[in-house]
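Spelled out from the first residue to the last, the chains are:
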Amino acid sequence: MGNEAIARGIIEAGCTLAASYPGTPASEILPAVAAFAQETGVSIHAEWSVNEKVAYETALANSMAGRRSAVSMKQVGLNVASDPFLRSAYLGVKGGFMIISADDPGPHSSQTEQDSRFFAMFAKVPVLDPSSPREAKDMVGKAFELSEKYELPVMLRPTTRVCHARQTVALSPPEILDRPARFEKNPGRWCATPQYVRELHRQLNDKIARIAMEPDFAPVFTPGDGSFPGVGIIASGVVFAHAWDLLEDLGLGGRVDLYQVTMPYPLNRDFIRRLEAQYQRLLVLEETYPVMELQLKSDKVQGRLTQTIPGEGELTPEVVGRILEKFLGRAETPGAAPPGGGVRPTLCAGCGHRAAFYAIKEAFPGGIFPGDIGCYTLGMNLGAVDTCHCMGAGISQAAGFYHAYAAGGGEIPAIVAAIGDSTFFHAGVPALMNAVMHRARFIMVILDNATTAMTGLQPTPEAGVNAMGQPAQPLYLADLVRACGVKFLRECDPYDIPALMSLLQEAHRYCRTPEGGVAVVIARHPCMLDKKAYERQPVYEMCVTEDCTGCRHCLDEFECPALILNEGTEQVVIDGVRCVGCGVCSHVCPGGAIEARRRE
Amino acid sequence: MKQQIIISGLGGQGALTLTRLLAEAAAALGLEVITSETHGMAQRGGAVISMVKVGPFRGPLIPAGSADLGLFLTDKTLPAHRFYLKPGAAAFVSTAAPGDYFHVDGPGLAARLGLPAVAANLALLGYVAGRAGLFCGAEALEQVLRDKTPERFRDMNLQAFKAGLEVSSGQ
Ligand code: SF4
Ligand code: SF4
């Protein structure tokens, strides 16, 4: 997998610290770093940091001590780490420092489809854009070398299609760099006050200008045979790979001049000049923002700025195919269109979040439900998540809604924010402190499944294990919540819906007392993907009795994928394959038609 | 040799396992191969698709209307993903319900053999391997199954694979 190829590259390049926060499509990088380190007997500190900013700064210090370091995240993670990111361009690094920011054009699994290359350009950091897993791995070593040569962070920007593609790659033994940690003090640089910053900025500009002339990072040219004089195609990232395959399909492979740009920022100087001198028409293919196009500043260029290419969305082969045909004057091949709809994602059968959402919704029919980022965003389908913004935002938004209604003078609805355990550690703590401090009144439910489930079960700080599988100091949600000044804290297993509902009512009453504030309920049930935890829970044989009236309450309000309507009898039946026997739906049917019997 | 295959199913059904097996088989035969997978949000029960491209391709995605072969782990995702197939290309579906496609009752076979539900996918793979048209033969796939499946699933996977293979040779 692309992410594993990157991880292998990190180990082979002699990197000694890798830090990350999980997020699709970057999540598989860090576990693979840990696995390859163990496999090859290399010593490395690999950690799941509490968030991306922390990951960035931890890795940065290792680089300041002269050692190679890598930090990986998804593109929106770089927003969280933007503060250290921008500053580190000015101050520079010592040991090779690589940022992997995985973009998600489409988007498939993200809140935005922002382009990290644009962010790199903003920060004045060079960025490499691989078109395949193999290339991504090769670029890791090059990135470290470039970073050390110029003492500058270097970004590697894979996209979802590269991260999740698989390909065979050649392996080399890890390089062992004998570099003991040695931090050399230099306050003018490492603490740069404004008086030094201007000079550092000048140095940064100078570095970028020189990198734009590095021959090793110049675009790769595949010349055409002269069939299309004065015409050229420029592509970077996986769009280059799509374009290559499509040209082959059209019988145009090797007939038109094609450039693969491996470093979209800073764009190679000579390359820009050459394009200007030799071509009349150029097509620029890149995801997702016009990074190369803006640097080319040429009216010969067709791309996003000329609306030749859609301004948003993934450049899939279908889209690129149409653009190529038009640009090269070929007849359009009629494309098969994807049908709308499809099967939408839903929480797993037996997921504790579903039970918690159901309880929240039933307890407060007129409530406002600010949500957060994770599997539980899917609670939206259940009508128990009204907002989804960015990590930790649900808590601050709950406070904001409270203040809005409180100041407005009308009736204040019940406000219930739901946040996952991992997200709470990531960005929820400052939001909670702030809400408590400003006397907001709402209920915050921490959906604690003891893992980072959406991205593949990475351990949270409560687990007491690190990314290498070694013991770590556990941190407890309850301790943190209390330390934030919360006076009402209860815990329960959301499977017991009636119990959770009465806790929520109690919490609501607390919020409305004169001395009330933020009430926190921790709804704790392990993720269904955690097989060991599942083996420990009681399993029930479920059956739907003749009392089922086909009212659809369980289907519409609870939406367990194992509950299906038998179109013939108009009654609900249990899909024996998908049902995990959690027994929760027995609390859901208003007529008591779903019965649970303990399976031995 | 160039072949493009899609594998479609519901999240968590096991599309990734089949994708990897096909890719391993191609690599074992010394063929170039690149695959793409669905991860993240859509894995939670939504329709997922994997793609396997065997031959000198650079990109991991198959354009609509270009796949030579489709493996569907359920008939539920047929409407969503069939448009990836070339006109006239075969769709192989793991379902008891007949239709305008080749089908093998993977779930039924698995149940009859007393195997867990995921074994249905291997039955589908066996069925496809038994029909001409795949870039590799049944033996190559069987070898990969032997080499690459974790020991505790090996017998079960081989059993299901062979059951699927038998269905196709019986037709
Ligand atoms: S099982 Fe109960 S809730 Fe579901 S449709 Fe039947 S009567 Fe309604
Ligand atoms: S017991 Fe009910 S809620 Fe639980 S998985 Fe089965 S059908 Fe779904």
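Placed above this text is the structure.
The shown structure was predicted, so the numbers you read here are calculated from the model rather than taken from an experiment.

Conventions we followed
Residues numbered from 1 in each chain as written. Chains lettered and ligands numbered in written order. Predicted model: local features only at pLDDT ≥ 70, side-chain atom pairs only at ≥ 80, totals over all residues. Heavy atoms only, no water. Helix = DSSP H or I, 4+ residues; strand = E, 2+ residues; numbered from the N terminus. Rg over C-alpha atoms; globule rule 2.2 N^0.38 Å. Contact = heavy atoms within 4.5 Å. Areas by Shrake-Rupley, 256 points an atom, 1.4 Å probe, with all protein chains shown as cover. Phe/Tyr/Trp six-rings, centres within 6.5 Å; stacked < 30°, edge-to-face > 60°. Buried < 20%, exposed > 50% of the residue type's maximum accessible area, 1.4 Å probe, protein only. Lys NZ or Arg CZ within 6 Å of the ring centre and 35° of its normal. Near = heavy atom within 4 Å. Nonpolar A, V, L, I, M, F, W, Y, C, P; charged D, E, K, R; others polar. Core = buried A, V, L, I, M, F, W, Y, C linked by side-chain atoms within 4.5 Å. Domains from an automatic or database assignment. Axes fitted to C-alpha atoms, helices over the stretch in contact; angles between N-to-C directions. Parallel < 35°, antiparallel > 145°, perpendicular 65-115°, else oblique. Left-handed = near helix turned anticlockwise from the far one by under 90°.

On to the overall build of chain A. When its secondary structure is counted, chain A shows 21 helices and 20 strands. The C-alpha radius of gyration of chain A comes to 27 Å, within 12% of the 25 Å expected for a compact globule of 600 residues. Along the longest, intermediate and shortest principal axes, the C-alpha atoms of chain A span 80 × 65 × 55 Å. For chain A, contacts bridging at least 24 residues in sequence account for 76% of all contacts bridging at least 6. With the model as given, the accessible surface of chain A reaches about 24400 Å², and the carbon-plus-sulfur share is 54%.

Below, the discussion takes up the packing of aromatic side chains. Residue and element names in this part refer to chain A. Tallied over the full model, the rule gives 16 aromatic pairs over all chains. Seen in terms of ring centroids, phenylalanine 221 and tyrosine 259 are 4.4 Å apart; in terms of plane orientation they differ by 15 degrees. Their pairing is stacked. Here phenylalanine 221, found in strand S8 (residues 220-222), pairs with tyrosine 259, found in strand S10 (residues 257-261); they are 38 residues apart in sequence, far enough to count as distant. For phenylalanine 221, a relative accessible area of 30% puts it in the partly exposed group. Note on tyrosine 259: relative accessible area 1%, which makes it buried. An aromatic cluster of three or more residues is present, and its members are Tyr56, Phe85, Phe97, Phe119 and Phe122. In this structure, arginine 274 packs its charged tip against the face of phenylalanine 221, placed 4.7 Å from the ring centre.

This brings us to the site of ligand 2. Near ligand 2 there are 14 residues, and of these Cys560, Cys579, Cys582, Gly583 and Cys585 of chain A occur at the shortest range. When its residues are assigned to classes, the shell around ligand 2 shows eleven nonpolar, three polar and no charged.

Here we take up the environment of alanine 241 of chain A. With respect to the element layout, alanine 241 of chain A can be found in helix H11 (residues 238-249). A relative accessible area of 0% places alanine 241 of chain A in the buried class. Ignoring anything within four residues of it in the chain, the contact list for alanine 241 of chain A reads Ser131 of chain A together with Arg58 and Gly59 of chain B.

Once that is clear, we can look at the site of ligand 1. Within the structure, ligand 1 sits among Cys548, Thr549, Gly550, Cys551, Arg552, His553, Cys554, Val572, Cys589, Pro590 and Ile594 of chain A. A breakdown of the residues in the shell around ligand 1 according to their chemical character gives seven nonpolar, three polar and one charged.

Looking now at the nonpolar core. Residues and elements named next belong to chain A. The biggest cluster of nonpolar side chains holds 70 residues, and the ones touching the most others in it are Ile10, Val33, Tyr56, Phe85 and Met98. There are two domains that each give this core at least three residues, and those are domain 1 (2-211) and domain 2 (218-327). Counting 53 residues, the second-largest nonpolar core is a separate cluster that includes Tyr495, Leu503, Leu504 and Cys582.

Before going further, it helps to spend a moment on the packing of helix H1 (residues 2-12) of chain A against helix H2 (residues 29-40) of chain A. Residues and elements named next belong to chain A. In contact at an axis separation of 8 Å, H1 and H2 are set at 45 degrees when each is read in the N-to-C sense. Between H1 and H2, the interaxial angle falls into the category oblique. You can see that H1 and H2 cross each other, and the crossing is right-handed. Here Asn3, Glu4, Ile6, Ala7, Arg8, Ile10 and Ile11 of H1 come into contact with H2, specifically with Ile29, Ala32, Val33, Phe36, Ala37, Glu39 and Thr40. Split into classes, the residues belonging to the contact of H1 with H2 amount to nine nonpolar, two polar and three charged.

Geometric values such as these leave the question of function open.
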